[in-house]
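Structure at a glance
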Amino acid sequence: AKRFGNRLVIKEMDPLTATVSDIERFLNVLESRGFTADVLLIDYGDLLTTETKRGGDDNRYQEVGGVFGELRSLTRKRNLVTWIADQPNRGQPQDFDDKRARAPLLGLSDTAESYIKPRLTDFWVTINATLEQIKNHQAELYVAKNRKYKTGAVLKIRTDFGRGQFMHKHQPKQEIKPPKVRKAA
């Protein structure tokens, strides 16, 4: 794990073998060292596996749904805000003509692997951009699901995908310097 000061810890786990229980064990280790997480970022939930197979050994749809159910339970148990990166169905970006004013907004039905994922979430936002918008460091955030508030809002943003920066479109341009990396003890 890499620790960035006292506020951020990044842990890389093996894809398709890591489980939600592994994440919970790691959170327990952090707590024993005095660090209590309040936000959990997962890139990318479909690469987790579940310890309890559902619907047969080869049913990946059910397995992914099980993983997201376990993540939801962990989030509630620990009172965590959890953000999980996901991807749309394959081929989705090619389904629009980039010369149009706007690409179709990705919604809940565009998720890959298992529709169970968006059904279990409280909030689902998609990042949308035409090729022209990408060239101009622009994108649109679309609120596809918001269990407690309004769904359907679109927020235009400035972005630098290479650095993972997202700014409100009217925010003044500023250079954000990456933090210095320090290895965890």
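Residues numbered from 1 in each chain as written. Predicted model: local features only at pLDDT ≥ 70, side-chain atom pairs only at ≥ 80, totals over all residues. Heavy atoms only, no water.

1. Looking at the pairing of strand E7 (residues 154–160)
Summarising the sheet, strand E6 (residues 138–146) and E7 pair through five bridges and their orientation is antiparallel. Looking at E7, one finds that Tyr142 is bridged to Val154. By the bridge criterion, four bridges tie E7 to strand E8 (residues 165–168) in an arrangement that is antiparallel. Across the sheet, the residue bridging to Thr159 is Phe166, located in E8. Linking E7 back to E8 in an antiparallel pair, the connection comprises four residues, with Gly164 at a positive phi of about 70°. (Pairing = 2+ DSSP bridges. Helix = DSSP H or I, 4+ residues; strand = E, 2+ residues; numbered from the N terminus.)

2. Notes on the sheet that holds E7
Pairing within the open sheet is antiparallel, and its four strands lie in the order E5-E6-E7-E8. The strands lining the two open edges of the sheet, one partner per strand, are strand E5 (123–128) and E8. On average, each strand axis in the sheet is tilted by 40° relative to the strand beside it, whichever way the strands run. Judged from the six bridges that link them, E5 and E6 form a sheet pairing that is antiparallel. Opposite Val125, over in E6, you have Val143 as the bridge partner. (Axes fitted to C-alpha atoms, helices over the stretch in contact; angles between N-to-C directions.)

3. Concerning the pairing of strand E3 (residues 39–42)
Burial along E3 is one-sided: the residues Leu40 and Ile42 are buried and none of Val39 and Leu41 is. Of the strand pairs in this sheet, E3 and strand E4 (residues 81–84) are connected by four bridges, and their pairing is parallel. Residue pairing across strands places Val39 opposite Val81, the latter belonging to E4. (Buried < 20%, exposed > 50% of the residue type's maximum accessible area, 1.4 Å probe, protein only.)

4. Remarks on the nonpolar core
Judged by nonpolar contacts, the single largest core of 18 residues is most densely connected at Ile23, Leu27, Leu48 and Leu71. Mapped by element, the contributors of at least two residues to this core are helix H1 (20–32), E3 and helix H2 (60–78). Contacts of Leu48, omitting those with residues within four sequence positions, involve Ala18, Thr19, Val20, Ile23, Ile42, Arg60, Val67 and Leu71. (Core = buried A, V, L, I, M, F, W, Y, C linked by side-chain atoms within 4.5 Å. Contact = heavy atoms within 4.5 Å.)

5. Let's talk about H2
For H2, built from 19 residues, the straight-helix expectation of 27 Å at 1.5 Å per residue is met to within 8% by its first-to-last C-alpha distance of 27 Å. Buried residues of H2: Glu63, Val64, Gly65, Gly66, Val67, Phe68, Glu70, Leu71, Leu74, Thr75 and Arg78, and no others. Against H1, E3, E4 and helix H3 (116–120) lie the buried residues of H2. After H2 finishes, the residue Asn79 shows a positive phi value of roughly 55°. (Expected span 1.5 Å × (residues − 1).)

6. Describing unusual backbone geometry
For Asn79, which is not glycine, the phi dihedral falls at a positive 55°. With respect to the secondary-structure elements, Asn79 resides in the loop between H2 and E4. Phi angles above zero are rare outside glycine, and His137 is one such case at about 55°. Tracing the sequence through the fold places His137 in the loop between helix H4 (131–135) and E6.

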